[in-house]
Amino acid sequence: MPAVELLPLDADLPAYLRCRAKACQVELDSLVHPQAVEQIRERLTRRSGNRAISMCYPLAVHNLLTRALNKAAELGMPVVTKELVSQV
């Protein structure tokens with residue numbers, strides 16, 4: 001069986017999250033502010049000298065987003081914000 005290489009989502013992150021939200025029959029913007037999506041990508045990118053190493057894989061994205069959604073609910077926030085993603 002051939003090995004499959006999964007590349008980070010990076011530029012495809014907004015489309016991926018919209019697709020996942022649509023599967024739950026909700027609009028992404030009703031859950032997550034667009035700047036928060038960019039912050040997720042930033043949080044999952046590591047810097048090593050002049051190199052950026054993306055860890056923006058589906059499992060890491062879902063774990064971070066789940067923590068942010070749970071924190072938003074705990075705080076009574078209507079959507080996940082960029083600032084909230086920075087704190088979780």
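About the criteria used
Residues numbered from 1 in each chain as written. Predicted model: local features only at pLDDT ≥ 70, side-chain atom pairs only at ≥ 80, totals over all residues. Heavy atoms only, no water. Helix = DSSP H or I, 4+ residues; strand = E, 2+ residues; numbered from the N terminus. Buried < 20%, exposed > 50% of the residue type's maximum accessible area, 1.4 Å probe, protein only. Contact = heavy atoms within 4.5 Å. Areas by Shrake-Rupley, 256 points an atom, 1.4 Å probe, with all protein chains shown as cover. Lys, Arg positive; Asp, Glu negative; His and termini not counted. Charge placed at Lys NZ, Arg CZ, Asp CG, Glu CD. Pairing = 2+ DSSP bridges. Patch = residues over 30% accessible without salt bridge, like charges linked within 9 Å, V, L, I, M, F, W, Y side chains within 5 Å. Salt bridge = Lys/Arg side-chain N within 4 Å of Asp/Glu carboxyl O.

**Here's the deal with the overall build of the protein**
1) Next: If you tally the helices and strands in the protein, you get four helices and two strands.
2) Next: In terms of its C-alpha atoms, the protein occupies a principal-axis envelope of roughly 45 × 35 × 20 Å.
3) Next: Expressed as a percentage of the 88 residues in the protein, the buried residues total 26%.
4) Next: The long-range share in the protein, meaning contacts at least 24 apart out of those at least 6 apart in sequence, stands at 58%.
5) Next: Of the roughly 6200 Å² of accessible surface on the protein, 55% is carried by carbon and sulfur atoms.
6) Next: Between the mean site of the 11 positive side-chain charges and the mean site of the 9 negative ones, the protein shows a separation of 4 Å.

**Considering the pairing of strand β2 (residues 51-54)**
1) Next: When strand β1 (residues 45-48) meets β2, the two strands line up antiparallel, connected through four bridges. Within β2, the residue paired with Arg47 across the bridge is Ala52.
2) Next: The turn joining β1 and β2, which pair antiparallel and follow one another in sequence, is formed by two residues; a positive phi near 65 degrees is taken by Gly49.

**Side note on a nonpolar patch on the surface**
1) Next: A contiguous nonpolar surface patch, about 180 Å² in accessible area, is contributed by Val26, Leu31 and Leu69.
2) Next: What makes Leu31 partly exposed here is its relative accessible area of 31%.

**As for unusual backbone geometry**
1) Next: Its identity as a non-glycine residue notwithstanding, Asp10 has a phi of 40 degrees, on the positive side.
2) Next: Judged by its relative accessible area of 27%, Asp10 is partly exposed.
3) Next: One non-glycine residue, Gln25, adopts positive backbone phi at about 65 degrees.
4) Next: Along the chain, Gln25 turns up in the loop between α1 (13-23) and α2 (34-43).
5) Next: Assessed through its relative accessible area of 75%, Gln25 is described here as exposed.

**Details of the environment of Arg67**
1) Next: In this fold, Arg67 is placed in helix α3 (residues 58-75).
2) Next: Classification of Arg67 as partly exposed rests on a relative accessible area of 43%.

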